[in-house]
Amino acid sequence: MNAAATVALQARNTLGEGIVWCTREQALYWTDIHEAMLWRYRPRDGRAEQWPMPERLACLALCESDGWLLLGLASRLAFFHPASGTLAPIAEVEAGLPTRLNDGACDRQGRFVFGTLHEPPAGAARRAIGSFYRLNADLSIERLDLPGVAISNSLAFSPDGRTLYYCDSPTRTIHCCDYGDRCGPPRTFARLDDPRGEPDGSAVDCAGNLWNAQWGLGRVACYTADGRLDHCIEVAASQPTRPAFGGADLAMLYITSARDGLDAAALAGQPSAGALFAAPAGTTGLPEPRFAGLPPTGGRNHATLLRQAV
């Protein structure tokens, strides 16, 4: 029997995404991409905070260095220190291409794997001109040997770090491959048969199950490690975007969602679209891997101070 998630925070995100749980702070971080806003929420006291970004924020990762985050902005990677508002750029990505960053996640070795998506002119079809990349601890960037994508998503890693999951959302297929310093040949992991839905962000639990938010279907689907659909958690929003395990024991599943593209009638039927949802997972997750690269120290010659939103 499928379970149902409840609203944890009525965030009313246009495009909530990229959620991660920080065990050190006992807090969630995520982004509202289209509003260029970083969110932080502490379930224990219900406190929500926001930081405006200089451009759309697509994804993020925790850092080994206390107090820092790694940001995947639309056009570039950067470090961010929420307490001081310091933003330190790392590098541009796909400069000159009609793309932006999209999904991202740290591997078990502390490297950040991320993908891009195609942003076509109005009315034009998306093309698979995006790619997957890895930001290494020395801040070098390498393109992974994976097929091009129109919308990168579902980036996640098996508990032992030796399998990478990913997808090109419009194909409605989640792939996996052997993962290490190089990527092995892609394999089909799971397919969505319902044409109304697309796979979005994913998380992996301690048993190796993949939990995938399914845009258009209002659910998070749990797949066993061999790709079998086990059960779903229903979400009272048709566009869930990414799950993350959180809470003191990593047994709560938190889920971001979106209002983007919904007309007035659709919003009237799902007033919680764009909310942060939560549901007991019935299992436990894994601590979120942290980026091993070091943010800048000392002066702020190449840093920008951002104002915190209140």
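Scroll up a little and you will see the structure.
Residues numbered from 1 in each chain as written. Predicted model: local features only at pLDDT ≥ 70, side-chain atom pairs only at ≥ 80, totals over all residues. Heavy atoms only, no water.

## Comments concerning the overall build of the protein chain
Counting its secondary structure elements, the protein chain contains one helix and 26 strands. Over its C-alpha trace the protein chain gives a radius of gyration of 18 Å, about what one expects of a compact globule, namely 19 Å for 310 residues. Along the three orthogonal principal directions, the C-alpha set of the protein chain runs to about 55 × 45 × 45 Å. Looking at the protein chain as a whole, 57% of its 310 residues qualify as buried. In the protein chain, the proportion of contacts linking residues at least 24 apart, taken out of those at least 6 apart, comes to 49%. Split by element, the accessible area of the protein chain, about 12600 Å² in all, is 50% carbon and sulfur. On the protein chain, the mean spot of the 28 positive side-chain charges and the mean spot of the 33 negative ones are 2 Å from each other. (Helix = DSSP H or I, 4+ residues; strand = E, 2+ residues; numbered from the N terminus. Rg over C-alpha atoms; globule rule 2.2 N^0.38 Å. Buried < 20%, exposed > 50% of the residue type's maximum accessible area, 1.4 Å probe, protein only. Contact = heavy atoms within 4.5 Å. Areas by Shrake-Rupley, 256 points an atom, 1.4 Å probe, with all protein chains shown as cover. Lys, Arg positive; Asp, Glu negative; His and termini not counted. Charge placed at Lys NZ, Arg CZ, Asp CG, Glu CD.)

## Considering the pairing of strand β15 (residues 152–157)
In terms of residue burial, β15 counts as a mostly covered element, since six of its six residues are buried. Of the strand pairs in this sheet, β15 and strand β16 (residues 163–168) are connected by four bridges, and their pairing is antiparallel. Looking at β16, one finds that S152 is bridged to D168. What sits between β15 and β16 in their antiparallel hairpin is a turn of five residues, with G161 showing a positive phi close to 75 degrees. (Pairing = 2+ DSSP bridges.)

## A closer look at unusual backbone geometry
Positioned with a positive phi, A36 is a non-glycine residue whose angle comes to about 50 degrees. Inspection of the secondary structure puts A36 in the loop between β4 (27–32) and β5 (37–42). Of the residues examined, A36 reaches a relative accessible area of 13% and is grouped as buried. Phi at E94 takes a positive value of approximately 55 degrees, unusual for a residue other than glycine. For E94, the location among the structural elements is in the loop between β10 (86–92) and β11 (99–106). With a relative accessible area of 12%, E94 lands in the buried category.

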